[in-house]
Amino acid sequence: MKRVFHFGTILLMSLAGSAAAQAQSRPLPTSDVQKVYDRLLEQIDAIPIYDNHSHATFPDDSDMDAMASPPEESTVMRLRDSNPEFVAAAKALFGYPYDDFKPEHAKWLIDKKKAAEAAGGTAYWDGILDKMNIETCLANRVALAPYLDPKRFHWVFFVDSFLFPFDNHKLIAKNGDLGVYLPLQEKVLARYMQQENVNGLPADLAGYEAFLRQTLADNQKKGGVAMKFEAAYFRALFFRDPPREKAEAIYSQFRAGGLPSEDDYQTFQDYVFRMLIDQAAKLKLSVHFHSAVGIGDYFSLRNGHPLNLENVLRDPRYRHVNFVLIHGGYPYTLDMIWLTAAKNVYTDSSLMGYYVYPSELKNILKQWISLYPEKIMFGSDAFPFNDAVGAEETFWLAARSARTAVAAALAELVAEGAFTEQKALELARLYLHDNAAKLYGEKQ
Ligand SMILES: [Zn+2]
């Protein structure tokens, strides 16, 4: 018995030894990395995408976002009109017969899209998704659109407007970006009040809270799957935890007029923010945050840094709330992936996936996949740039970039000996589809 046991131990040790030797990963890929990439990409193209973040819309639909771009903002190189990839997108999607967007050429594309909009129905946008093998898509919108099929497009609604019920003149005057953003927030709040038949701000904080709770519940009934904060555009993502009495006093003082100090306004917002999170927990709504650089020339990198949210994300009171940090915290993508170490925190590659070229997206995804592959999702941030280059082309650019980048990241890891091609495809499926499907409670 003793000898057999001894022999068994030696056998196990040597097996473990050879497996370990085979599994030893290397810092450089083997020379067949291109072949591994080609094989993986072919199969990755067949994976249906679940898009965690988009603004699927026609360009003249003002419900596409609760925000708008400030005039004259600086644009990153890849998103300028001169990017030839947009021509490639229009060719792939529509058979666009020209090689540039000169006005007389762009008209061909604009006419096609206008005709689709005029025709009505949901077939057009379903067809756009089909062309890119996108199965399901979250649509960030002020309100649902009749031209989006609710089976394919799930609604994410905005809640920042609840943070701005008082006189906002002081904030509006602060800079040109806020001068564009805040009047739009006031409009969204007015729209929610109309939706809930609320005439003027309720008499006390309890009334205001009831209005908020009812709006969230009604939006969920209409199909809302998540609430979205674009707060990083307006203030720091650091939220304190003030007592209700403080918020109540500020509400009573400024409900009917008067300019709150910056500190009073923020205290009120901190309270309302936490109340909205509590409500998300009750309704089982995911909570989305803009968590990256933003458009506009006055966006504060420091205020928008995702680490500001750490006290909220790591608060045991909110452990049942699923937090989704949109845009990968870019450029703080490494901080971001460590925030997703918490079981209820997720991120996606939207926006950054078309800010940078696939070679750089590959590097970011390689790091993310190596750390928490169950917490990362694809997001397109599809958005219309003008009447010619629309959400259609940005869907295409984001989807092509992500499929090629994740194939390249995984090919390198396979060729470096980290894991097998089969495992690589499992990981690609998590990123492109399964993690999001699971998060929003759908089939995988
Ligand atoms: Zn977006």
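Structural data are supplied above this passage.
Rules used throughout
- Residues numbered from 1 in each chain as written.
- Predicted model: local features only at pLDDT ≥ 70, side-chain atom pairs only at ≥ 80, totals over all residues.
- Helix = DSSP H or I, 4+ residues; strand = E, 2+ residues; numbered from the N terminus.
- Rg over C-alpha atoms; globule rule 2.2 N^0.38 Å.
- Buried ≥ 20, exposed ≤ 12 C-beta atoms within 10 Å, placed from the backbone.
- Contact = placed C-beta atoms within 7 Å.
- Expected span 1.5 Å × (residues − 1).
- Pairing = 2+ DSSP bridges.
- Axes fitted to C-alpha atoms, helices over the stretch in contact; angles between N-to-C directions.
- Parallel < 35°, antiparallel > 145°, perpendicular 65-115°, else oblique.
- Left-handed = near helix turned anticlockwise from the far one by under 90°.
- Nonpolar A, V, L, I, M, F, W, Y, C, P; charged D, E, K, R; others polar.
- Arc of directions from axis to C-beta.
- Core = buried A, V, L, I, M, F, W, Y, C linked by C-beta atoms within 7 Å.

## So, the overall build of the protein chain
Consideration 1: A tally of regular secondary structure across the protein chain gives 17 helices and eight strands.
Consideration 2: Here the C-alpha radius of gyration of the protein chain, 24 Å, is about what a compact globule of 444 residues would show, namely 22 Å.
Consideration 3: Principal axes of the C-alpha set define a box for the protein chain whose edges measure 85 × 65 × 35 Å.
Consideration 4: Put simply, the protein chain has 444 residues, and 44% of those count as buried.
Consideration 5: For the protein chain, restricting intrachain contacts to residue pairs at least 6 apart in sequence, the fraction spanning at least 24 positions comes to 76%.

## Regarding helix 7 (residues 176-195)
Consideration 1: The end-to-end C-alpha distance of helix 7, which contains 20 residues, comes to 30 Å, matching closely the 28 Å that a straight helix rising 1.5 Å per residue would cover.
Consideration 2: The positive-phi residue at the C-terminal boundary of helix 7 is N197, with phi of around 55°.

## Digging into unusual backbone geometry
Consideration 1: Note that the residue after Y330, namely P331, is joined by a cis bond; omega there is 10°.
Consideration 2: Within the secondary structure, P331 sits in the loop between strand 6 (323-326) and helix 13 (333-339).
Consideration 3: The backbone of K284 shows a phi angle near 55°, a positive value even though the residue is not glycine.
Consideration 4: Positive phi values are uncommon outside glycine, yet H327 reaches one of about 70°.
Consideration 5: Accessibility expressed as a C-beta count within 10 Å gives 27 for H327, which makes it buried.

## A few points about the sheet that holds strand 5 (residues 286-290)
Consideration 1: Reading across from one edge, 1-2-3-4-5-6-7-8 is the order of the eight strands in this open sheet, with parallel pairing throughout. With one partner strand each, in any of the chains shown, strand 1 (49-54) and strand 8 (376-377) form the two edges of the open sheet.
Consideration 2: Sheet analysis places strand 7 (residues 345-348) next to strand 8, joined by two bridges and oriented parallel. The partner of D348 across the bridge, within strand 8, is M377.
Consideration 3: Taken strand by strand, helix 17 (residues 421-439) contacts strand 1, strand 5, strand 7 and strand 8, and its axis lies near 70° from that of strand 1.

## Here we look at the packing of helix 8 (residues 205-221) against helix 10 (residues 262-283)
Consideration 1: At their nearest, the axes of helix 8 and helix 10 sit 11 Å apart, and the two run at 40° to each other. Taken together, helix 8 and helix 10 sit at an angle that is classed as oblique. Of the two elements, helix 8 crosses helix 10, and the hand of that crossing is right-handed. Of helix 10, the residues touching helix 8 (which contributes E209, L212, R213, L216, A217 and Q220) are M275, L276, Q279 and L283.
Consideration 2: Residue composition of the contact of helix 8 with helix 10, grouped by class: six nonpolar, two polar and two charged.

## Focus on the pairing of strand 2 (residues 134-140)
Consideration 1: When you tally the buried positions in strand 2, you get six out of seven residues, the bulk of the element.
Consideration 2: Judged from the four bridges that link them, strand 1 and strand 2 form a sheet pairing that is parallel. Each bridged residue has a counterpart across the sheet, and for D51 the counterpart in strand 2 is C137.
Consideration 3: As judged from the four bridges shared by strand 2 and strand 3 (residues 153-158), these two strands associate in the parallel manner. By the bridge assignment, N140 is partnered in strand 3 with V156.

## Examining helix 5 (residues 123-131)
Consideration 1: Those residues of helix 5 lying buried are W125, I128 and L129. The buried side chains of helix 5 occupy one side of the element, clustering within an arc of 95° when seen end-on.
Consideration 2: Here the buried face of helix 5 lies against helix 3 (84-94), strand 2 and helix 16 (391-415).
Consideration 3: Downstream of helix 5 by a residue or two, N133 has a phi angle that is positive, lying close to 55°.

## Looking at the environment of D32
Consideration 1: One can find D32 in the loop between helix 1 (2-23) and helix 2 (33-44).
Consideration 2: Accessibility expressed as a C-beta count within 10 Å gives 13 for D32, which makes it partly exposed.
Consideration 3: In sequence terms D32 and W396 are 364 residues apart; their C-alpha atoms lie 28 Å from each other.

## Description of the nonpolar core
Side chains that are nonpolar tend, in soluble globular proteins, to be buried together.
Consideration 1: Of all hydrophobic cores here, the largest spans 129 residues; its most connected members are V406 and L410.
Consideration 2: Ranked by residue count, the leading element in this core is helix 16, at 17 residues.

## Some remarks on the packing of helix 2 against helix 17
If you want to describe how two helices pack, look at the angle between their axes and the distance between the axes.
Consideration 1: The geometry of helix 2 relative to helix 17 is characterised by a closest axis approach of 11 Å and an angle of 40° between their N-to-C directions. Comparing the axis directions of helix 2 and helix 17 gives the class oblique. The two elements helix 2 and helix 17 cross, and the hand of that crossing is right-handed. In this structure, helix 2 contributes V36, R39, L40, Q43 and I44 to the contact, and helix 17 contributes E421, A424, L425 and A428.

## Overview of the environment of W155
Consideration 1: Secondary-structure assignment places W155 in strand 3.
Consideration 2: Residues W155 and A143, spaced twelve residues apart in sequence, show a C-alpha to C-alpha distance of 8.0 Å.
Consideration 3: Once you skip the residues sitting within four places of it in the chain, W155 turns out to touch A139, R141, L144, K222, G223, G224 and V225.

## Digging into the environment of L413
Consideration 1: Position of L413 among the secondary structure elements: in helix 16.
Consideration 2: With 43 residues separating them in the primary sequence, L413 and S370 have C-alpha atoms 8.8 Å apart.
Consideration 3: Apart from residues no more than four positions distant in its own chain, L413 is found in contact with K366, A418, F419 and A424.

Treat this as a map of the structure, not an account of what it does.
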